[in-house]
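Chain residues, written in single-letter form:
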Amino acid sequence: MKLRPLHDRVIVKRLEQETKTASGIVIPDNAAEKPDQGEVLAVGPGKRNDKGELNPMNVKVGDRVLFSKYGGQPVKVDGEELLSMREDDLFAVVEK
């Protein structure tokens, strides 16, 4: 199934968090925090301003983004949990 977000929505897949600390301690799954980084899988066309003009999105498919640990609306697609969120809910794009 393909998703096509509407307006200023983006579909994000959470990236897996490291399960080992820098000192080598292994963190069990039930103690690990939710990841706050993800990869953008789909982007809506953008939001319209007061004049009806379309404001382009600042993120694109493939971008690695930062967001709140509890942000976004969880959506299951083909057994995979994704997040639907507004572009305003994203904090930053991680540059490589």
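Values in this document were obtained by computation on a predicted structure and should not be read as measured data. Chains are numbered independently. Their residues run from 1 in the order of the written sequence. Selection of residues for local features in this predicted model requires a pLDDT of at least 70, selection of side-chain atom pairs for listing and counting requires 80 or more, and totals for whole chains, interfaces and linings are taken over all residues. Working from all heavy atoms in the structure, the side-chain values ignore hydrogens and water.

Draft legend 1. Region of the structure containing the environment of Val-10. With respect to the element layout, Val-10 can be found in strand S1 (residues 9–14). Counting along the chain gives 35 residues from Val-10 to Pro-45, while the straight-line C-alpha distance between them is 9.6 Å. With residues near it in sequence (within four places) discarded, Val-10 still touches Pro-5, Ala-42, Val-43, Met-57, Val-59, Leu-83, Ser-84, Met-85 and Leu-90. Numbering goes from the N terminus for both helices and strands, where a helix is a DSSP run of H or I of at least four residues and a strand is a run of E of at least two. Only heavy atoms matter for contacts: two residues are in contact if any of them lie within 4.5 Å across the pair.

Draft legend 2. Expanded view of the environment of Ser-84. Take Ser-84: it is sitting in strand S7 (residues 80–86). Along the primary structure Ser-84 and Val-10 are separated by 74 residues, whereas in three dimensions their C-alpha atoms are 5.8 Å apart. Ignoring anything within four residues of it in the chain, the contact list for Ser-84 reads Arg-9, Val-10, Ile-11, Gly-72, Gln-73 and Val-75.

Draft legend 3. Structural context of the nonpolar core. As used in this record, nonpolar core signifies buried Ala, Val, Leu, Ile, Met, Phe, Trp, Tyr and Cys residues forming a set joined through side-chain atoms within 4.5 Å. Exposure classes here rest on a 1.4 Å probe applied to the protein chains alone. A residue is buried below 20% of its type maximum, exposed above 50%, and partly exposed in between. Counting ten residues, the largest nonpolar core consists of Val-10, Val-12, Val-40, Met-57, Val-59, Val-65, Phe-67, Leu-83, Met-85 and Leu-90. If we ignore the near neighbours within four places in the chain, the residues touching Leu-83 are Val-10, Ile-11, Val-12, Arg-14, Phe-67, Gly-71, Gly-72, Gln-73 and Pro-74.

Draft legend 4. Up close: the pattern of salt bridges. By definition, a salt bridge exists where a carboxyl oxygen of Asp or Glu is found within 4 Å of a side-chain nitrogen of Lys or Arg. Under the criterion given, the structure shown has four salt bridges. Taking the shortest distance from any N to any O, the salt bridge between Glu-80 and Lys-13 comes out at 2.9 Å. Taken together, the residues Glu-80 in strand S7 and Lys-13 in strand S1 connect sequence positions 67 residues apart. The exposure class assigned to Glu-80 is partly exposed, which follows from its relative accessible area of 31%. Between Asp-63 and Lys-60 there is a salt bridge, with its nearest N and O atoms 3.2 Å apart. A relative accessible area of 10% places Asp-63 in the buried class. Note on Lys-60: relative accessible area 54%, which makes it exposed.

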